Structures are given as C-alpha cells and as structure tokens.
Amino acid sequence: MTKVPSSREVINAFEDGTLAAQLATRFGGLDSAPMHKTAMLCAKLHNAGKIDLFRLAEDGSLLVLDDWRFFTATNFLDSVLPELDESTERVMTFVDKLVTRGGNDGAANLPNAAFREWCKRAPHRSAVVVEAAIEGAPLANKFLIFALEASMDVTTAKRIALTESGETAHAAIAALGRIPVSDEVSGAERLATLSELLNRDPDDRMRAAVLHAATNMLTQSKQRGVDALLNVVARAANGGEEITSHHAAQVLWLASDHLDNATVAALLASLRHLKPENTATLEFLDYGLASLVKNGFVEAAIEHVTGLLSETDCLGLESFDDFMRAIGASEDTLGEVAIRWLQIGSAVLCDGLAHFLQHGNPRGRSLMIPAAAIPRHVRMQGYVCRKALGWFFFLPTTAASVLVAVLREAEGEAISEIQSLLFDPLLINYGGVVDYLGNIPSGDPVHERIKAALALHEDYLKGIRSVDTIQEMRPSEHGQQIHRRRISEEMRRAHKSARKESVFLNLVRHSVLLYGRGAVSFVQGSNGMLRAVEMDLESHGFSMEYPRIASLDPIGLDYKLRLYRAEKSKQ
Amino acid sequence: MKALVRDYLASLRERDELDAVLPELLGELGFHVFSRPGRGTQQLGVDVAAIGKGEDGEDAVFLFSVKPGNLTRREWSNDSPQSLRPSLEEILDAYIENRIPVEYRGLKVVICIVIGGEVHEHMREKLRGFFGKHTSLKISFQEWDGDRLAELILRGLLREEILPAQLRSSFRKAIAMLDEPDVSMQHFTELVRSLLKMDKGSKTRLRVARQLNICTWILYVWARGVGNIEAPYRASELALLATWELVRRSIDNKGVPNKDLNRVLRHAIGLHLDVSGAFVDKITPSVGVMHGISAAIESRSSLDVNLALFGILGRIGLWGLWMHWLKAHASEGTHSFGDGFDNAVTAGIKLIRNNPALLLPVSDQQTTDIALFLQLWLAESMDLSEVRNWLVEMTGRLNYAIRTRGHYPSCSTDYAELDDHQSHHKDDEFFKEATAGSTLIPLIAAWLHALGETEAFDALAKLVKEELDHCTLQLWLPDTSSEPAMYIGGEQHGRALTDLSLDQGGQTLVSTIAEACKRTDEFQKLSPIIFDSWPILFVACHYYQLPVPANLWIFPLLPQEKSPPPAAATPAPTENASVDRATSAGKKLGAKKITAAKGCK
C-alpha cells in the first residue's frame, strides 16, 4: 500500500474514533516510505494539537484491538513517538500502557526502544526521568534504564547504582551493562562498580542485576571475555537464588562463546538446585546447555544434566530437548552419554534417553559408541547390556547397537553372556534385528561373535516353523472381532490424543472429506475470476514390529525387563 | 441330509468305525443283534450277526461282513485276511455251520456285505457272480452300500418323526460351521438339548442315546475332513454327558442301569476317547518345541494364547485320567493304557516347560484345567519336582502380576471382559471387580502346603492379606442339587465353600477343606462315583468349567491320610441300601472294557 492519508483524513478519523483502527489496518500496513511520511504527518498533527495520539491509549480504543491489529498499530506508533513534543510523564504513561498491553509477546517491549529514541531527541528528557526515579516515582523507575541509555550517562548510572537501592539501583546497573563501552578505562570503571556492588553481599535481585549487566558487557566485547569480567560474572552467580539462577541460565544461553571453564562451572553451580516449577529458567537452562555443547563445553553440560536428573525424579529429560539435540548432533558424544547413563542406571536419564532416541525412528536410533566408552570390567559389560535391554527394549535397533558395540570389546565370560542376551530377549522378539545385524560388515571383528546368536535364533525359528497351526485352538471369529474392536478403539483414542498435541492443527482450518481421493475448491483471484485449487490425497502409514513374547508370555517379558531396569550395579 | 450322511459313511476309515455304527443302526431298525464286533477273537468273516425280517417277512439270520470305503478289486480279493471274498468264504464254510446259535439254525441265512462307500462298476460282475454261485434256498445275499446305509440311517435313527426338521437343521448347521467351532457347538448343543427332551421312557431313551452317538460320529468324521476336530471334541464330551444322564435316568429300583444303554455309553466313551486321542496326538509331537504350541495358535493376542494353552493342558490332564481309569478296568489281552497315562504326564510337563504362558492363567476359570493336570499326580504317586517348580513359579507370577497390576487372573468368564482387562488392568475399581473371587488361590495354596513349600505359601498368604482382602477365596462342592444338573448343565448347582483363609497357615486350610468334604455324603452319591466311572465327573467339570470338587484331591494332600486315588475309591459306608445296590451294579458297569479306545500309545 502506498497511499498516504491527508491531514483531513487523519483528523476525521481521530474525531470519529476510528483512528486506532486505521493505524492498524491502513497506516501500519503501508510500505516503508509512505509509512514514514504518514508517521511524520501524525506527529505534526499531534504536536499541533489537531489530534492526540496518547488519547488512543487513554480511551482504550487502541488497547482493545486484537493482537495482530494492536501490534501493527503499535509498530506505526513506535515510529511516530520520537517526533512527539510531550511531557515526560505523559510519554512514559503512554508507553507503559502499550508495553503492558503487549504482555508476553516478543514485540511487547519495542515501545521502550521508541521511548529511548524519544529521550535521545532532547537531553533534558533523560534528566527528568532520572530525577523522578531518584525521588522514587514508580513509573520513572521503569524507564530509568532507557533514559540512561539514551543519554549514555555512565557517571550518573554508576552513582545511582552505588547510592540508591531497589528498582532504581537495578535500572542503573542494567544501564551500565547496556550503554556501549567506549574504551578500556570506561569498561574497567564499570567493572569496578559492579565488583563493588558484589562486595556488599547484595540480595538476589541486585546480584541478578549485576550478573545481567556484566553479561551484557561481555557480549558487547564480541570475543572471549577479559578475566576480570568473567570473574565478576562468576562471583555474581555464586550465592544467588532464584532470580540470579534465572539470569545465570540466560548467560549460558546467550554468552557461552565468551565464557571460560571456571565461569561455566560457577554458572552451572548456581543452577544445581533448580526447582521444576521454575519453567522459564528451565527453558533457558536447556538453551544454555545446548549452547555450551556447541561451544565446546560438552563435558560440563553433560555432567550438569547427569547430576541434576539423577538426584531428582521431579524433572525429566524432556525438559532438555535442545540439549539432547545438541548432544545428538555428534554420534560419538551421544554414544558416550548413552553408555554413561546406562552405567549409572538412573530411571529418569535412561527413560528420557529412550524417548529421545525414538524420535523420527520407531525402531530407535542406532548408536555409534566409541570403544573408549565401553566399560572394561567384564561384569559391567553384561550389566550395561542388560540395562540397554531394559530401557531400549522397544527400540530394537538401539538395543542391538549397544549390545553389538559392547560385544565388540567384550572379553571372557561376557562374550557368551552378551551373545545370549542378543538371542533372548532381542532376536527372539524382533526378527527385524536380523536385518540390522546383517548390515554389519564381515570385516568387523564383531561379525563372528554375532553368528552364535544368529544360529540360536535360526534354530528357534526352525522349531516354531516345524509346528503346524493348531486349527482347534485358533481364536473364534467372534473373539477376533472383539479383540480387533478394542485395539481399534485404543488406536482411535491415541490418535485423538496425539492430534491435540499437534502444533500445526491449531493454526490451520480443518476440512473433513467424506468421499473421494482428493479435493477441489475455488478461490477468487485478484482479477476477480474464480481459480480452482486442487489437491490429491496421499496415504500415510506407520508400522512397528511387535515383540513376539508380548503375545506368548507377557508376564515373563514384563518381569524380565523390569528386573533389567531395576538392577543395581555391584561396582 | 442324505448326502451328509452318505459322505460320512464313505469317510469312515477304520473297521471299528463302521462296526460301531452298524449294531446301533440295526437295533433301531428292529434287528436283534446277537453277535457284535470283537477284537482278538476269530470272527470267521462275520462282524455283526442279527435276527431280522427277511424279504419274505419271515425271521432270518443276517450275517454282516463290513468293509469300509469303496469295494475295489483289491478289497475284494488279495492276500489280506480282511479282504471280502475270503471273509464270505469263511462265512459259508465255517460260520454258518458252527457259529449260529442252536435256536436260530432253522432260519434262513442272509449274508450282507456292508460297504461304507460304493461298489465299483467292474466289481459288480464279480459280486453278482459270487452271489449267484452261492445262493440257495437257505442262503441269500444282500449288498448294503453307503447309499442304502444312509437311507437306513435316515429312515431309522434320524427319521423325520424322531428328528424333526428343526433338529435336522441344527445338525446340518453344526456340520456346516465346523470351522467355527463355537457356532457349530451352539447348534449341536441345541440338538442335544432337544433330543434329551424327547426322552419319554426306556425305549425313547435308548433311541436318543443312539441318535446322539451317530450324530457325534458324523460330526467327527466331517471334522476330520476339514482338519479341525474342535467341535467334535466338545460335542463328544457333551454327548457323553448326555448319554450318562440317560443312563442315570434308566437306573431301576435295584440300582441297575439299562444294559443296552450301557452299551451305547461305552460307544460314547469310545468315541470321546477317539477324538481326545486324535487331539492329543496332534499336540504331543510339538510339546518339546520352545514356544511351538504357543505360536501355533496363531494369534497376536496373549489372551488367546493363554486360554488355548490351558485348554490344551486340561485336555491332556483329562486324557491322562481316562488312561489311568482304563488301566484299572481293561480286561486281559487289551491294550496297555499305562503308556497313555505316562505320555499324558510327559506331554503336559513339556508343554509347561516350553510354553511359559502356562505359568499363570488369565482367568480363574482355568483353575479347572490346572486341577485336572494336577490330578494326574494324585492318580499315581509320581516325582513331584515338576509340580513343585510349576506351582512355585505360578505363585511368584501371581504375586508379581497382582502387585504390579499387570496380567493378573480375572474371575470374569466373558471373553470381551477378559480382552478388556488388557486396557483397564491398572484401574483400582476394575482390579477389585476382577479379583472379587478366586478358586485358584486355595487350590495352589493347598498344594504348596502339601509339597512343603512354606516360603511360597507364606508369600501367597501375604499377597492375599495385603492386596486381596476383598477377594472371596473359595472352592466348589457338589450337593443334592448337583446330580440332576451335573451332566446336562443349564443351572447353578452345588455349594461354594467360601471364606477360606490362608492366615492360619496351610494345615488349617487343608483341614478345613477336608472337613467340608466329609461333612456330607453328597459327593459319594454322585452316580459316576457310585458306578466307579469317576472320569465322567471330570468330563462334566471340564465341559462346564466347574472347579474340580475338592473331594477328589484334598485327602491325598493331607499329611497323615493316605486315601487311595479316585480310581480305586470305594464309596463311603452308608446305611442307604439303594446306594449299596448301586455300588455292586457299578462294579459291573465299570468292569466292561472299552474296545473303542484307540490312540493309547
């Protein structure tokens, strides 16, 4: 859209109460150049008193727009705001209303940036905010950081940080982190201020503010941090509580590439006793751990997750899906982690790992386990295999990959034990494992060892095939129908439940086709002509191998797997 | 209907099968049979001899020589003594001169060749030639082929007046649905119940028994053809029980049952053993294969596998008990049935070892199958290690299944409910309902105590206390209502022995059960016990899925009492004279050997 409105149009819209809607549907949708022109026009009319843009928030007409229209209108107003001549109080009130209405949306805070721009246009504006904040005005406290940023007044920010308390001090500290560092001396001075604040044994909120500011300084440097700065970060993280922990997680996420081992350790230590109900912190921690993995702090990240989850059953590995994806990007790392967790035997870790390995592959992901990760002790080798069977039984490829990896390195009595396990319960339940084992090259040292298990399996199958169907004992047609109906009902419920978790289905309009192999519908084109939109349906299926013994001896199978899972290492 | 009967006759394989049908058929047609098929004795070509009306309406001696299948050149004359021509020559040369009872020597003789199938065309001339050569004023020949036999059966045993259209329809449907045994049995059961209602007196009673016998035979032979003998297995049990009911009704005031009915009963037992033997023979070669039988059931549902396996175990147990009984009642020169018994035990043990679903039933009703197999150990004192292992493992699994709310046994008998168990087993309300009662636990507990497995018993007692407080532990005992209802089903009968407790220990439990059994003599008054035909009782429990009465197994489990096994059980002393008379009559009943018992290996 390119048409810039006339002044008369804008004034009329204001007078008849439709300006808010027009900002959203018309002005906010303009191309960049016309939008700028319209914004300047609105600013001019506002400054001339012909319209009052702030009244749109006061009377609520802007705030009641639906989200999409509201943010479109706000986006337009953000470009108008810096041009307005208004009292600081009124501007702050207006911006505060916009931010509040924006809620948790990622774009909610953009009006604050507009306010910062507004402050920059006239230096006294920042001073008014600072003064009001020092006097304790709650609204001014909210905008102190932006005012200080706009004026780039580091000296005032330092002074306020050291002399004031509460929200005022926090805002000043935050400003110290956000105001660009112009030189080393300035940076060192700010660092000294932050360090001084830490010396005073601050409360959790203050500590978090210091941490946040130090981190901002760190990320500004665009390189690995100066030791002194890293030291401040580590000190800030140490001894903090929930709010500090939350920021510590954020640091790990956003600044891992600037950290060193000691700082990472300090940040992780502050997150050791994370409460499951702190879901936002948990989410940041997950991002942070993934970031640590990507930036080379793999062991620290794994150790942290291992420690956290083996000590609690209130958290699950599903809370760390980004971390797991980062781990999974390296086959070796994933294999090492698997062996480590199987050795520990923690239900939370092993069960979570099983769920992760199932993604995208119903038979489970094949693990590549480096030889160095395989335990050397004979008993532990058997133990790890039993654990793998217990936890990965329903992922036969994963289970087989672990057994094969251990068998490759096994010695002594462990060899026959693992061969036995490969046969029962793995091959005896899943014929498909034969295909997996068949893909092992003949040059692989484990190839010979697998033959024994395959031979046992072949004998077993020969025996079963030698028995003809006992017609007399086959289930009746009636019984089969009952069984099929129940399974069908279970599948239907599972399908319905799965659909509820889909992120896509809530975004699209549903059409239910009762007949046909495709659909055709007609839409009106831009030229006013009807245009046919056709779509053929394709089939989509899923299959998985059902373990044989689940039909022949479900209690025995369940008991065996439970024993494997519950087994404790004797070492 | 004729085609159905005709094909049945043509399919009869063994001599014994056609032999078994013919005398009853003749009896129903008004013939007086004075010589029946026998094994081991020289028959001189004659399988059945009877007095009947000749073509001239006068009494004549009919000498039947039976040949199953079609008559071909090979069957007519070869080196085998069973071929027809030598048999006819023996009749002419020896039998007529020496074997016809004195009182019938003045009558004309009609030699009948009975062919199950057809006479091949090229044989007709030979037959006519032979007949022509040897026909005289005294001796004539008749040919009864499959067509004529079918006609006779339809005009005789299965004629319209005594087997009305509706029952014929039920019978046809039973045969048509042989590959759906449940449906086949529905129709066959309707036929049996309707036939029983036709019992108006001794004459009709005998005819009904014969009809049951021949209908079951026809069903069996057809089922053999389609390769599924499930329906005739169950039908043979039902027919046997129905025949026993008829025998029971025929007991006179001297306590003696009708001897003709008795004979039909033996045929019914023989047929049941034929079918059972065929079933066991199908199973036993594969019991040593790991998961072999389980996989051969061809179902993905663990419920189906479990139900089928315990069904097989119960049938093996029943078969073994019959062998044990036959061993005690067989006369000299007949098969040794000891091997059959041993084979049953071995087969059962191997079945359990290689099919672990047998380590815990899915329904309490399967306790009957378990009890039947356990009964074998009581029949003959055997090494108990296998039983011990089995029951201890069963206890362990029961404990595990209950505590984890897994595949624990349910007291439901409905397939849909048992199937639904898979979905709801963790639900507490469902659990309480499903475990509201148990006959399995008292049975296992009594055995564990008797075996000295204190640890397992205590574990079971602890399980009951902690998880099954709501469960009524019980057994079943027959009472006065049982005898009229036991063999024909349809109504609840007997008494539940309830509120059994494991809290006081195993000795108290078994003593309580024993005391309850001694309290009345209703068990001793059951007709199969009186007449020393106790396997009938097991058949009734098996067919109607009733718990095996504790009277049959508790006493050998008591520490000091060494009661003899049921086979040699004598009725408890009583002042009731009719029972005494019945007892002595029972010895006559039980003493007759079963000639049709095949498959005893």
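Residues numbered from 1 in each chain as written. Chains lettered and ligands numbered in written order. Predicted model: local features only at pLDDT ≥ 70, side-chain atom pairs only at ≥ 80, totals over all residues. Heavy atoms only, no water.

## Description of the pairing of strand S4 (residues 108–115) of chain B
Remember that side chains alternate between the two faces of the sheet whenever the strand is regular. Residues and elements named next belong to chain B. Applied cut-off: Each residue is placed in one exposure class: buried if its accessible area under a 1.4 Å probe, protein chains only, is under 20% of its type's maximum, exposed if it is over 50%, and partly exposed if it falls in between. Where helices and strands are cited, they refer to DSSP runs of H or I of at least four residues and of E of at least two residues respectively, numbered from the N terminus. Between any two strands, pairing holds if DSSP finds at least two bridges.
Burial of S4 is extensive: 7 of the 8 residues sit out of reach of the surface. With 8 bridges joining them, strand S3 (residues 59–67) and S4 adopt parallel strand pairing. Residue pairing across strands places Leu63 opposite Ile111, the latter belonging to S4. Relative to strand S5 (residues 139–144), S4 runs parallel, the two being bridged by 6 bridges. When the sheet's bridge partners are listed, Val109 is paired in S5 with Ile139.

## A short note on the sheet that holds strand S2 (residues 48–53) of chain B
All names here are of chain B. Operational definition: Fitting a line to C-alpha atoms yields each axis, with helices limited to the stretch in contact; the angle taken between N-to-C directions then spans 0 to 180 degrees. Contacts between residues were defined by any pair of non-hydrogen atoms, one from each residue, lying within 4.5 Å.
Taking strand neighbours across the sheet as the criterion, the 5 strands line up as S1-S2-S3-S4-S5 in an open arrangement whose pairing is mixed. Across the chains shown, the open sheet's two edge strands, defined by having one partner strand only, are strand S1 (32–35) and S5. On average, each strand axis in the sheet is inclined to that of its neighbour by 30 degrees, with strand direction left out of account. By the bridge criterion, 6 bridges tie S2 to S3 in an arrangement that is antiparallel. Its bridge partner lying in S3, Ala49 is registered against Leu63. Against the sheet, helix H5 (residues 121–134) touches S4 and S5, its axis set at about 155 degrees to S5. With respect to the sheet, helix H6 (residues 146–155) is in contact with S4 and S5, its orientation differing from that of S5 by roughly 85 degrees.

## Let's talk about the interface of chain B and chain A
The extent of an interface is frequently quoted as the accessible surface area lost upon association of the parts. Here is the rule we go by: When two components associate, each loses some accessible surface as probed by a 1.4 Å sphere; the sum of these losses over both components is called the buried area. Counted as salt bridges are all cases of a side-chain nitrogen of Lys or Arg within 4 Å of a carboxyl oxygen of Asp or Glu. Residues adjacent in sequence count toward polar contacts only when both atoms are side-chain atoms; beyond that, a polar contact is any pair of N or O atoms within 3.5 Å, and within protein one must be able to donate a hydrogen and the other to accept it.
The interface is formed by 43 residues belonging to chain B together with 33 residues belonging to chain A. When the two sides are added together, the surface that chain B and chain A hide from each other amounts to roughly 3200 Å², 62% of it contributed by carbon and sulfur. The tally of links between chain B and chain A comes to 4 salt bridges. We note a salt bridge from B:Lys282 to A:Glu472, for which the minimum N-O separation is 2.6 Å. The interface formed by chain B and chain A includes 13 residue pairs in polar contact (both at pLDDT 80 or more). Looking at the side of chain B that touches chain A, the elements that each hand over two or more residues are helix H11 (259–283), helix H12 (292–296), helix H13 (302–329), helix H16 (385–403) and helix H17 (415–424) of chain B.

## Re the domain arrangement of chain B
Residue and element names in this part refer to chain B. Rule in force here: For every domain, the bounds stem from an assignment made automatically or drawn from a database.
By domain assignment, chain B separates into domain 1 (2–158), domain 2 (160–287) and domain 3 (295–601). Look at where the C-alpha atoms of domain 1 and domain 2 centre, and you get two points 25 Å apart. Facing the 19 residues of domain 1 at the interface are 21 residues of domain 2. With both sides pooled, the region where domain 1 packs onto domain 2 buries about 1900 Å², and carbon together with sulfur makes up 65% of that total. Of all residues in domain 1, the largest losses of buried area upon contact with domain 2 belong to Leu4, Glu24 and Leu158, amounting jointly to 35% of the total for that side. Connecting domain 1 to domain 2 are 0 salt bridges. Counting the contacts that link domain 1 with domain 2 gives 0 residue pairs in polar contact (both at pLDDT 80 or more). Mapped by element, the contributors of at least two residues to the side of domain 1 that touches domain 2 are helix H1 (2–11), helix H2 (15–28) and H6.

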